[in-house]
Amino acid sequence: MKRATTTSCLIVACLALAWSAHAGPAPEKLAPSATGVTTLRCGTLIDGRSAAPKRDVAIRIEDGRIVAVGAFAPGAAGTVIDHSQDTCLPGLIDAHAHVLIKTDDYQVDHLRRSSAYKALRGLAVVQEMLRSGWTTVRILGDADVAYAHLDVRTAIQEGLFIGPRLTGAGHYFSITGGGGDLNFLGPEHQVVADGLVVDGVDAVRKAVREEIKRGSDWIKVLASGAMMSAGNDPNRAHFSPDELAAIVDEASRLGVPVAAHAHSAAGIRASILAGARTIEHGTFIDDEGIRLLQEKGVYLVPTLYVGDYYLNEQPGSEAQAKLNELTRQYRAQHIAAVGKAIKAGVHVGVGTDYVGFPVKQGVRELGLLVEAGMTPMQAIQAATRVNAELLGWQDRVGTVEAGKLADIIAVPGDPLHDLSMLEKVSFVMLGGREIATQ
Ligand SMILES: [Zn+2]
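Presented here is a report on the structure given in the accompanying data block.

Analysis parameters
Residues numbered from 1 in each chain as written. Predicted model: local features only at pLDDT ≥ 70, side-chain atom pairs only at ≥ 80, totals over all residues. Heavy atoms only, no water. Donors = N, O, S within 2.8 Å, 3.2 Å for Na, K, Ca; no water. Buried < 20%, exposed > 50% of the residue type's maximum accessible area, 1.4 Å probe, protein only. Salt bridge = Lys/Arg side-chain N within 4 Å of Asp/Glu carboxyl O. Helix = DSSP H or I, 4+ residues; strand = E, 2+ residues; numbered from the N terminus. Disulfide = S-S within 2.5 Å. Pairing = 2+ DSSP bridges. Contact = heavy atoms within 4.5 Å. Axes fitted to C-alpha atoms, helices over the stretch in contact; angles between N-to-C directions. Polar contact = N/O pair within 3.5 Å; in protein donor to acceptor, adjacent residues only side chain to side chain. Parallel < 35°, antiparallel > 145°, perpendicular 65-115°, else oblique. Left-handed = near helix turned anticlockwise from the far one by under 90°. Nonpolar A, V, L, I, M, F, W, Y, C, P; charged D, E, K, R; others polar.

### Digging into the coordination of the zinc ion
Line of reasoning, step 1. For the zinc ion, the full set of protein donor atoms is His96 (NE2), His98 (NE2) and Asp353 (OD), at a range of 2.0 to 2.3 Å.
Line of reasoning, step 2. Ordering the donors of the zinc ion by residue number gives the pattern H-x1-H-x254-D. Each of the two residues, His96 as well as His98, counts as buried.

Shown next, in the form of structure tokens:
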């Protein structure tokens, strides 16, 4: 090969070699997909689809994909990875995270750090998420207005770093004075907000185009006030019906789905009617909202854990005093409403709303969905198969079935009996490649 570069080579080959000399191995060499044949033996398998777990299973993996799932028999092909004492399940999917946020006063913290620093911090977080069993993460806007998290996604896709499969939105759109605006500043201060503050039908259309130009796979809109930011009321609808319709129309034309953060019943209804694909939070959802979700096949991502985290572990947080008070007042109502949605057959997904709490605690979201009325099996399916469908990635991830990418995790014991076992993930495979969990 070296001789070829100095003597005669085709132009394309020379360019490729020159590129690799300057930038290291070509991206596809580093992409997180293993080659060869592996058999993963699992004492128990929760496959993400079946109603009951299977016992003593062999999963045959070739070139990063699952090619067969069946009973284990001695003499299995390729390298055998033995988890005969453990429970295997599909890699978890987090449908709602903000991986750049690390402190309770994130609206101030966003002003302190450079985009580059936030990218590095976010990379560390998503790698820890991967080690903890989250093999896919949807980021719904984050604490950087310069798209740092989308660059983390790109760098992982290019194989520069190992990390989970990432997708998501560059910003959360907010009305002036909304959940993504800096409402605590005096009027003479001109500071960039953490959200993308945008008003009016023409402006939101342009914002959608800009967002997609910069690489957003989703558009995220704050269709009500928020729990965690100052100076706005989560029980109010934000954006006019015309603005919401324009956002969804523009995004749909460009092939990008819309995720609507909506606490208020009116904001939820307006978002569904405008054509959002997912409703985030849904705290004050009413029967009409539940009916519309069910009728239109829109997903609900309740994000119950973040409120519990702050209330229980940071009760004295000044920055999150508003969230703590709202959680105290409305937690029971939110859980009951999610229970109604589950009963009505709404597609309910799993989002941790990760905002800097200990990464391992994110799976506690599943326990709260059980509190709301899911069985543990339903909660695991929500975090795997249902979330894959929410993303439109059901052909790739979300179940342990032939044809899917080999994103598989293992935990000791029986998570159906004790969901906290999911905090003890002992094995992670991403695209057939084993990831160190420590
Ligand atoms: Zn969020």
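### Overview of the pattern of salt bridges
Opposite charge on two side chains permits them to pair, given that their charged atoms come into close proximity.
Line of reasoning, step 1. Under the criterion given, the structure shown has 29 salt bridges.
Line of reasoning, step 2. With a closest N to O distance of 2.7 Å, Glu250 and Arg209 form a salt bridge. With Glu250 in helix 8 (residues 241-253) and Arg209 in helix 7 (residues 201-213), this pair connects stretches of sequence that are 41 residues apart.
Line of reasoning, step 3. Judged by its relative accessible area of 1%, Glu250 falls in the buried class.
Line of reasoning, step 4. For Arg209, a relative accessible area of 46% translates into the label partly exposed.
Line of reasoning, step 5. Asp249 is the partner of Arg253 in a salt bridge, and the nearest nitrogen-oxygen pair spans 3.4 Å. Taken as a pair, Arg253 and Asp249 lie in helix 8 at a separation of four residues, close to a single helical turn.
Line of reasoning, step 6. Look at the salt bridges and you will find they share partners, linking Arg205, Arg209, Asp249, Glu250 and Arg253 into a network.

### Considerations on the state of the cysteines
Put plainly, two cysteines are in a disulfide when a covalent bond ties their sulfur atoms together.
Line of reasoning, step 1. Tallied over the full model, the rule gives one disulfide.
Line of reasoning, step 2. Put simply, Cys42 and Cys88 are joined by a disulfide, and their sulfur atoms are 2.2 Å apart. With the S-S dihedral at roughly -90°, the linkage between Cys42 and Cys88 falls on the left-handed side. In this pair, Cys42 sits in strand 1 (residues 37-45) while Cys88 sits in strand 4 (residues 79-90), placing the two residues 46 residues apart along the sequence.
Line of reasoning, step 3. Residue classification places Cys42 among the buried positions, given a relative accessible area of 0%.

### Remarks on the sheet that holds strand 12 (residues 278-281)
Line of reasoning, step 1. Read across the open sheet, the six strands follow the order 9-8-10-11-12-13; overall the sheet is parallel. Because the sheet does not close on itself, it has two edges, and the strands there are strand 9 (196-197) and strand 13 (299-301).
Line of reasoning, step 2. Where strand 10 (residues 219-222) lies against strand 11 (residues 258-262), four bridges are found, and the strand directions are parallel. If you follow Val221 over to strand 11, its bridge partner there is Ala260.
Line of reasoning, step 3. Most of the contacts of helix 7 go to strand 8 (residues 172-174), to which it runs at about 165°, and overall it touches strand 8, strand 9 and strand 10.

### Some words on helix 11 (residues 305-313)
Line of reasoning, step 1. Of all nine residues making up helix 11, seven are buried, and the element is well covered by its neighbours.
Line of reasoning, step 2. Those residues of helix 11 lying buried are Tyr305, Val306, Gly307, Asp308, Tyr309, Tyr310 and Leu311.
Line of reasoning, step 3. Buried residues belonging to helix 11 abut helix 12 (321-343) and helix 13 (364-372).

### Concerning the side chain of Thr39
Line of reasoning, step 1. The topology assignment puts Thr39 in strand 1.
Line of reasoning, step 2. Ignoring anything within four residues of it in the chain, the contact list for Thr39 reads Ala58, Ile59, Ala76, Ala77, Thr79, Val80 and Ile81.

### Some details on the side chain of Asp47
Line of reasoning, step 1. The residue Asp47 is located in the loop between strand 1 and strand 2 (54-62) in this model.
Line of reasoning, step 2. A distance of 3.0 Å separates a polar atom in the side chain of Asp47 from a polar atom in the side chain of Lys54.

### Brief notes about the sheet that holds strand 15 (residues 427-430)
Line of reasoning, step 1. Strand order in the open sheet made by the seven strands is 3-2-1-4-14-15-16, with mixed pairing throughout. With partners counted over all chains shown, the strands left at the sheet margins are strand 3 (65-71) and strand 16 (433-435), one partner each. For this sheet, the mean inter-axis angle between neighbouring strands, taken without regard to orientation, is 35°.
Line of reasoning, step 2. As judged from the three bridges shared by strand 14 (residues 408-412) and strand 15, these two strands associate in the antiparallel manner. Considered in strand 15, the bridge of Ala410 is made with Phe427.

### Brief notes about the packing of helix 9 (residues 265-274) against helix 10 (residues 287-296)
Line of reasoning, step 1. Across the interface, helix 9 lies against helix 10 with an axial gap of 9 Å and an inter-helix angle of 20°. Viewed along their axes, helix 9 and helix 10 adopt a mutual orientation that is roughly parallel. Considering the relative orientation of helix 9 and helix 10, their crossing is left-handed. Contact residues: Arg269, Ile272 and Leu273 in helix 9; Glu288, Gly289, Leu292, Leu293 and Lys296 in helix 10.
Line of reasoning, step 2. Each residue belonging to the contact of helix 9 with helix 10 can be placed in one class, and the counts come to four nonpolar, one polar and three charged.

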